[in-house]
Amino acid sequence: MIHVRNSWHVACWSMDLAVGQPFGITMANDPVVIFRTESGNLVALEDRCVHRLAPLSLGRCEGESLRCMYHGLRFAADGACVEIPGQDIIPAAAKVRAYPVVERHSWIWVWLGDPALADESLIPQAVGLDDPDYILGHGQLDYAAQAQLIHDNLCDFTHLAFVHPASFGATEEWATTRPRITQLPRAVRFERWVREQSRGHWGGELVDAWSSYEYHVPGILLMQTASYAAGTADMLNDAAPTPDLPRTGVTFTSQAVTALTDSTSRYFFSWGPHRDHGDEALRDTLMGVAGMAFAEDKTMIEAQQRVIDLDPSRRVMPATFDKGVVLYQRLVERLAREEGLEAAA
Amino acid sequence: MIHVRNSWHVACWSMDLAVGQPFGITMANDPVVIFRTESGNLVALEDRCVHRLAPLSLGRCEGESLRCMYHGLRFAADGACVEIPGQDIIPAAAKVRAYPVVERHSWIWVWLGDPALADESLIPQAVGLDDPDYILGHGQLDYAAQAQLIHDNLCDFTHLAFVHPASFGATEEWATTRPRITQLPRAVRFERWVREQSRGHWGGELVDAWSSYEYHVPGILLMQTASYAAGTADMLNDAAPTPDLPRTGVTFTSQAVTALTDSTSRYFFSWGPHRDHGDEALRDTLMGVAGMAFAEDKTMIEAQQRVIDLDPSRRVMPATFDKGVVLYQRLVERLAREEGLEAAA
Amino acid sequence: MIHVRNSWHVACWSMDLAVGQPFGITMANDPVVIFRTESGNLVALEDRCVHRLAPLSLGRCEGESLRCMYHGLRFAADGACVEIPGQDIIPAAAKVRAYPVVERHSWIWVWLGDPALADESLIPQAVGLDDPDYILGHGQLDYAAQAQLIHDNLCDFTHLAFVHPASFGATEEWATTRPRITQLPRAVRFERWVREQSRGHWGGELVDAWSSYEYHVPGILLMQTASYAAGTADMLNDAAPTPDLPRTGVTFTSQAVTALTDSTSRYFFSWGPHRDHGDEALRDTLMGVAGMAFAEDKTMIEAQQRVIDLDPSRRVMPATFDKGVVLYQRLVERLAREEGLEAAA
């Protein structure tokens, strides 16, 4: 399992991290503890005391520091041990790793790689729960599956036609037409029209939907879906809609796939209508749909993982609609390879 | 763990396989999906889509074919992929393995080895639930144990005296006398008299029981038990009973042990009286007895597996009553070896 | 994981071993069955029948012997097979291992190493539940953690200040002062004053507590705690109290850590007041405190094990207060090494 460490990984929702409550999570096999200090700083440290390897996430926040509650060693925000009870000299090696950590768009992001390379401008432009333009619900799911299978799922919406006809009301067109795919420096972009979709939750008449999303390393999906009068896709000859065209509905979803270990993952998501095209009731309807749809994905992907585990030597056979999957995998492989070269240099 | 692939393995009960409902089971480490087509044909395929290794058993039956419900690839009864949504060309390699499969004696049998060698005449003569001569109940159990431990158990009824005195009312004679054992081409036959058995469910007086069964590769037990007036065994000097001797009771049990993986197994069984010697009430009594007895076996065998797992290097020490166990193991080893030679030739 | 086999390991409480009821337990990866014979002898055997490796702990006690209830082999107290049903000749190799076993201080102790070296004088002087001087409660806990982590915990009471402030009412002094530590031939002794402890369950005023315990191979903690008037520690200049000094409270706890496997453990404990300093009500209060405190340890140690399992290559960084931990670990390593030399000689 390849992990792009030099990227921002989502650890949790902002509001799930209370002041003074250390939060432990395994990220790409690293034990990480995150906490807010008394002064409001955000700190992410290796969740493993230097002394006897106890988890600091069972510890106590004290001012700007975190104390291991096994034998009382205390660590500053930079990871340095600053107190060993009853011991005057603190060895220079008494230090846990500190991770760059940022709170943005309602998520806590951790940079798992070289801290010198941590660049906040690389944080994808997710829509936070407090965004004034959208009315968003949110949730999360744990997977007994490697993160890559979820990346694959999200980089190929062909599966909507087969996995999600009931929940999303997806038609066969998701499988028979192809999106326009664009390689970006750290993401893959997918754009397409889907004709005569049932608007489902928006109302009775059929619409043409313009689905446009980016899938960013290390697993961040950002998607706006806008609906237009039926016939618009034909009229535009499948070109992207111009801003002047009247829209009958707009939603936005931000999703993050975090590899916990090589075989387990956590999936965070928000979704909801633009304020001009919906209200809290529509948001709640969409969250019900998402709950159903993401359970359909989880059932399929965890079953896929079990089949793979029976014989891990089996190879996949990419189809033409796997272009996005393959581009994203190559992007991940290239970035991971470059990390290795940098680390070796 | 040795598996005789060139043999018929029981996958499930006939009536548990509804038309249009794909059924997934792991057989000797192979993921297998079985379904009935619209026209009533029975099909068994590799339960692993060529595309991204999703299980076809989560798929949808369509006419004579099975569609993967992850990305919509469709497979014909011979395993060939016949449709990839939105893709014109189907690679020749897009094929899952197809297994010979037969419905007989109320079981679905799958040939896991070379299809060219699949010979229906090798299916053991089990008694189906619809047999006009018997009134049968049935059930199944999953084991957290390798199949070989269950084969060993069923090829040596010495254990009846110790594991099943309460359930089967078995006496010490099961341990102190030995069956006549005959090696057959693909089975081992066991025959013996057990004197002065309590008839238990048949009534109060003691009987002599003639127990005769065959244990067929890959784990099929077929046993008729007939009871006679006490003294018959002595009178016949332990020879097999002749057809003219009046019988006071007759039952038949068919059992199948299927290796799911190298460490888990499924056990199928039916049992009941001959129509001339019992009714539904007796069948229900026997099923209660079987439920108790097979739980006794499961407790012992799963505990045995845990002891073995603590130190897998420990060797068994066969006793004289293990003749049938050893003959069956050698038969399995020989057939597996011959498979290897054929495959290499 | 290192096990000192040439030592007495606690298998269970005396009263949990009823006559005629074989008891199975895995000790340092060995399956062991213990039973009391009809004449009252105590027997410990390998819990694995020579025949097909079934556990003898599912067997039946018969007089002075134990019968395997799979196929009826019977074993004498020395481990020799003395009966194989229906078989005249018993191979000389038909023998399971017999372990020296002793009942003392309310525990059943098993010597896992060379029987020729089993020396009852090496059994640590635990206080049994029937001791006339103490009023004791008792309990036990299973750990999903290797025994060494529990040994480490018990050889360093610094953790009381952080893990047990609520349950034991432990103050920071446990972390800031150090015990006097003495290496014994098969144990490490810890002695210290803790000043102005809340007496908690004894009453309102503060006391000085003299805590004195030994930690014996393979994991036996024996501790007396006596309280004195506040100021006594200062008056004695931290020397051990003399017998003439009036004590305001005395308790005793005996604890045993048994490695089940390399990754699981069982923890036995008793605790209670001296008869001159308490009653059944105080014992019950102490057991409530122990229940809370030992759950605090278990939470921390099992979490520590999970962190270790994420990356077993990580090394600990001993602190100055780890002197006892290190002395005990070196003692264990030395004894295990000597066992290896003896076995090789």
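So, here is what we can say about the structure in this document. A quick note: this is a predicted structure, and the numbers were derived from the prediction, not measured.

1. So, the overall build of chain A
Then comes step 1: In terms of helices and strands, chain A carries six helices and 18 strands.
Then comes step 2: Taken against the 2.2 N^0.38 rule, which gives 20 Å for 345 residues, the C-alpha radius of gyration of chain A at 22 Å falls within 12% of a compact globule.
Then comes step 3: In terms of overall dimensions, chain A has a C-alpha envelope of 75 × 45 × 35 Å along the principal axes.
Then comes step 4: When the 345 residues of chain A are sorted by exposure, 57% land in the buried category.
Then comes step 5: Nonlocal contacts in chain A, meaning residues at least 24 apart in sequence, comprise 58% of its contacts between residues at least 6 apart.
Then comes step 6: Put simply, chain A shows about 13,700 Å² of open surface, and 52% of that area lies on carbon and sulfur atoms.

2. Considering the relation of the copies chain A and chain C
Then comes step 1: Each copy of the sequence occupies a distinct position, and chain A is placed on chain C by a rotation of 120° and an axial shift of 0.1 Å, giving an RMSD of 0.0 Å. Each copy turns onto its partner about a three-fold axis.

3. Re unusual backbone geometry
The general pattern is negative phi for most residues beyond glycine and trans for most peptide bonds.
Then comes step 1: Look at the link from Val217 of chain A to Pro218 of chain A: it is a cis peptide, with omega at 5°.
Then comes step 2: Its place among the elements puts Pro218 of chain A in the loop between β15 (206-216) and β16 (220-229).
Then comes step 3: One non-glycine residue with positive phi stands out, namely Ala28 of chain C, at about 50°.
Then comes step 4: Assignment of secondary structure puts Ala28 of chain C in the loop between β2 (23-27) and β3 (30-36).
Then comes step 5: A residue is classified by how much of its surface remains accessible, and Ala28 of chain C, at 0% relative accessible area, is buried.
Then comes step 6: Even without a glycine there, the phi angle at Asn237 of chain C is positive, about 55°.
Then comes step 7: Considering the arrangement of structural elements, one finds Asn237 of chain C in the loop between α4 (232-235) and β17 (249-259).

4. Remarks on the packing of aromatic side chains
All names here are of chain A.
Then comes step 1: In total, this model carries 49 aromatic pairs over all chains according to the counting rule given.
Then comes step 2: Ring geometry for Phe168 versus Trp271: centroids 5.9 Å apart, planes at 90°, classification edge-to-face. Taken together, the positions of Phe168 in the loop between α2 (160-163) and α3 (173-176) and Trp271 in strand β18 (residues 265-273) put the pair 103 residues apart, joining distant regions of the chain.
Then comes step 3: Classification of Phe168 as partly exposed rests on a relative accessible area of 28%.
Then comes step 4: Put simply, the rings of Trp13, Trp107, Trp109 and Phe268 pair up and form one aromatic cluster.

What counts, and at which threshold
Residues numbered from 1 in each chain as written. Chains lettered and ligands numbered in written order. Predicted model: local features only at pLDDT ≥ 70, side-chain atom pairs only at ≥ 80, totals over all residues. Heavy atoms only, no water. Helix = DSSP H or I, 4+ residues; strand = E, 2+ residues; numbered from the N terminus. Rg over C-alpha atoms; globule rule 2.2 N^0.38 Å. Buried < 20%, exposed > 50% of the residue type's maximum accessible area, 1.4 Å probe, protein only. Contact = heavy atoms within 4.5 Å. Areas by Shrake-Rupley, 256 points an atom, 1.4 Å probe, with all protein chains shown as cover. Least-squares fit on C-alpha atoms with pLDDT ≥ 70 in both. Phe/Tyr/Trp six-rings, centres within 6.5 Å; stacked < 30°, edge-to-face > 60°.

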